[in-house]
Amino acid sequence: MQKTERSRIAILTTGGTIAGEGQSQTGGAYTSAKLGVQQLLEAVPELHDVADITGEEVVSIGSQDMSDEVWLTLAKRINAVLAQDDIDGIVITHGTDTMEETAWFLHLTVHSNKPVVLTGAMRPATARSADGPLNLYNAAVTAASPEAVDRGVMVVMNDTVFGARDVTKMHTSGVDTFQAPNFGPLGYVHDGIVTFQRRPEMHHTMTSEFDVSGLDKLPQVGIVFGYSNCSPLPVNAYVGAGYQGIVHAGLGNGNIHCDVLDALVNASRDGVRVVRSSRANSGSTTMAGEVDDEQYGFIASLHLNPQKARVLLQLALTKTTDRDAIQNYFLTY
Ligand SMILES: NC(=O)CC[C@H](N)C(=O)O
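These numbers come from a predicted model, not from an experiment. (Residues numbered from 1 in each chain as written. Predicted model: local features only at pLDDT ≥ 70, side-chain atom pairs only at ≥ 80, totals over all residues. Heavy atoms only, no water.)

### Focus: the packing of helix 4 (residues 99-109) against helix 9 (residues 306-317)
The cut-off we apply is this: Angles shown run from 0 to 180 degrees and are taken between the N-to-C directions of axes, each axis being a line fitted to C-alpha atoms and, for helices, limited to the stretch in contact. Here a strand is any run of E in DSSP of at least two residues, a helix any run of H or I of at least four, and the numbering for each starts at the N terminus. Should an angle lie under 35 degrees it is considered roughly parallel, over 145 roughly antiparallel, and from 65 to 115 roughly perpendicular; all remaining angles are considered oblique. A crossing counts as left-handed when the near helix is turned anticlockwise from the far one by less than a right angle, and as right-handed when that turn is clockwise. Residue contacts follow a heavy-atom distance rule, with two residues in contact if any of their heavy atoms lie within 4.5 Å. Note on residue categories: nonpolar means Ala, Val, Leu, Ile, Met, Phe, Trp, Tyr, Cys or Pro, charged means Asp, Glu, Lys or Arg, and polar means any other residue, Gly included.
One can describe the packing of helix 4 onto helix 9 by two numbers: an axis separation of 9 Å at closest approach and a directional angle of 30°. The angle between helix 4 and helix 9 falls in the class roughly parallel. Crossing geometry of helix 4 relative to helix 9 is assigned as right-handed. On helix 9, the residues touching Glu100, Glu101, Trp104, Phe105, Leu108 and Thr109 of helix 4 are Gln307, Lys308, Val311, Leu312 and Leu315. Looking at the contact of helix 4 with helix 9 residue by residue, the class counts come to six nonpolar, two polar and three charged.

Here it is as structure tokens:
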């Protein structure tokens, strides 16, 4: 696709290490979410070679403090900005800890085919070899590219373009922390040019039926972690607190310790929707395995990791509590 006019990109900031500051250029200690939009933009003058840029702060937090409320604010703001004729794409700067969840939430709740790209950094702005400035530049290159249209929400980090559904944070501190263990990247950015290899096949953005425009909160869904000799206490606590859904970060192919299984079966029979995911980091929690989902009324998360399964279950519960319909969402998105 040839582009004749200059792109117009809105950069929305939310905090994270990309806006972080430390005392030392080589030490590890720093505080995230310290720099404002102008400082982020001034660090990368080359952004203006890529597109006409506007900047706006949405929140300023470490993404470990991300909340459903901020997600709803972001989705509504992005939908409004992308509805403007004078904006071609959006870059969101974000902490890396929950970047994959925010990207996935937006992939399902933004209704535009214009590019939406999240980026961040593993090293604060004050560090030697800070990765934020080049990540921000590469994100803007991607958001400004006509080739990026209709690929849903993306994460651009470390020269690599990932699809929101596929990407996960795999390393606590390395700049190559983001990976897509099941399906690989969508593309790469080098020398100011983005090259795509493929398109996300499952439903998203324009074909997503989830609409949060009228919502000010989301259904409560918790995650419980599976391990040897584990306890049903967290499941029972969520049920007691009135949670509508529970995602089990299971063993292997979504297996569940017998004590926890009893608690989850009771929860499921009481109408709490239970999704079976895996702590294994790659592979699908398949629909036929050691656990009989049909018998217990459970839902298989397939390739979605626990934190992403939680997001889809929250959105599914805004539409229905029917187990089969929710399983169908997991097969569709
Ligand atoms: N590398 C990072 O961005 C981590 C900083 C912070 N914990 C956050 O996720 O916002």
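### Let's talk about the environment of Val189
Our working rule: Burial classes: relative accessible area under 20% of the type maximum marks a residue as buried, over 50% as exposed, and values in between as partly exposed (1.4 Å probe, protein chains only).
With respect to the helices and strands, Val189 occurs in strand 9 (residues 187-190). Since its relative accessible area comes to 1%, Val189 is described here as buried. Along the backbone, Val189 and Tyr137 are 52 residues apart, and their C-alpha atoms lie at a distance of 9.8 Å. Not counting residues up to four positions away in its chain, the partners in contact with Val189 are Asn138, Val141, Thr142, Val156, Asp159, Val161 and Val194.

### A closer look at the sheet that holds strand 5 (residues 153-157)
Here is the rule we go by: In short, DSSP must find at least two bridges between two strands for them to pair.
With mixed pairing, eight strands are arranged side by side in an open sheet as 2-1-3-4-5-6-9-10. This sheet does not close on itself; its edge strands, each paired only once, are strand 2 (52-61) and strand 10 (193-196). With direction set aside, neighbouring strand axes in the sheet form an average angle of 25°. Across two bridges, strand 6 (residues 160-163) lies against strand 9 in antiparallel orientation. Bridged to Val161 within strand 9 is Gly187. Helix-sheet contacts for helix 5 (residues 132-143) involve strand 1 (8-15), strand 3 (89-93), strand 4 (116-119), strand 5, strand 6, strand 9 and strand 10, and the interaxial angle to strand 3 is about 160°.

### Things to note about helix 3 (residues 68-82)
The test is simple: Working rule for helices: expected span equals 1.5 Å times residues minus one.
Between its first and last C-alpha atoms helix 3 spans 21 Å; for 15 residues at 1.5 Å apiece the expected length is 21 Å, and the two agree. For helix 3, every residue scored as buried is listed here: Asp68, Val70, Trp71, Leu72, Leu74, Ala75, Ile78, Val81 and Leu82. Check the buried side of helix 3 and you find it contacts strand 1, strand 2, strand 3, helix 4, strand 4 and helix 9.

### Quick look at the site of the ligand
Quick reminder of the rule: To be near a molecule or strand, a residue needs just one of its heavy atoms within 4 Å of it. Here a polar contact means two N or O atoms within 3.5 Å. Within protein one must be a hydrogen donor candidate and the other an acceptor candidate, and residues neighboring in sequence count only if both atoms are side-chain atoms. The protein chains shown are the only cover counted for residues, whose accessible areas, like all others here, come from Shrake-Rupley with a 1.4 Å probe.
What surrounds the ligand is the set Gly16, Thr17, Tyr30, Gly62, Ser63, Gln64, Gly95, Thr96, Asp97, Ala121 and Met122. The contact in question runs from a nitrogen atom of the ligand to an N or O atom on the side chain of Asp97, over 2.6 Å. Interatomic distance of 2.8 Å between a backbone N/O atom of Ala121 and a nitrogen atom of the ligand. Contact with the protein chains hides 93% of the accessible area of the ligand, taken as 290 Å² for the molecule alone. Along the lines of polarity and charge, the residues of the shell around the ligand split into three nonpolar, seven polar and one charged.

### Considerations on the nonpolar core
Note the cut-off: Only buried Ala, Val, Leu, Ile, Met, Phe, Trp, Tyr and Cys residues count toward a nonpolar core, and they belong to the same one when joined by side-chain atoms within 4.5 Å.
Of all hydrophobic cores here, the largest spans 55 residues; its most connected members are Ile78, Phe105, Leu106 and Phe330. When residues in this core are grouped by element, the largest group, eight residues, is from helix 3. Dropping the residues within four chain positions of it, Phe330 is found in contact with Arg165, Met202, Val275, Ile299, Ala300, Ser301, Leu302, Leu304, Ala309, Leu312 and Leu313. If you look at the next biggest cluster of nonpolar residues, it comprises 30 residues, including Ile9, Val37, Leu41 and Val161.

### A short note on the pairing of strand 13 (residues 273-278)
Using the following cut-off: By convention, a crossover is right-handed whenever its connection, traced from the first strand over the helix to the second and viewed with the strands pointing away, goes clockwise.
Burial analysis of strand 13 places six of its six residues in the buried class, the great majority of the element. Side chains Arg273, Val275 and Ser277 project from strand 13 onto one buried face, and the interleaved Val274, Arg276 and Ser278 project onto a second face that is buried too. Of the strand pairs in this sheet, strand 12 (residues 245-250) and strand 13 are connected by six bridges, and their pairing is parallel. Each residue of the ladder has a partner; that of His248, found in strand 13, is Arg276. Assessed by its sense of winding, the connection that carries the chain from strand 12 through helix 7 (residues 258-269) to strand 13 is right-handed.

### Notes on unusual backbone geometry
If a residue is not glycine, its phi is most likely negative; likewise, a peptide bond is most likely trans. Residues other than glycine seldom take positive phi values, yet Asp159 does so here, at roughly 70°. By the secondary structure assignment, Asp159 is in the loop between strand 5 and strand 6. Assessed through its relative accessible area of 24%, Asp159 is described here as partly exposed. Even without glycine at this site, Asp191 takes up a positive phi of about 55°.

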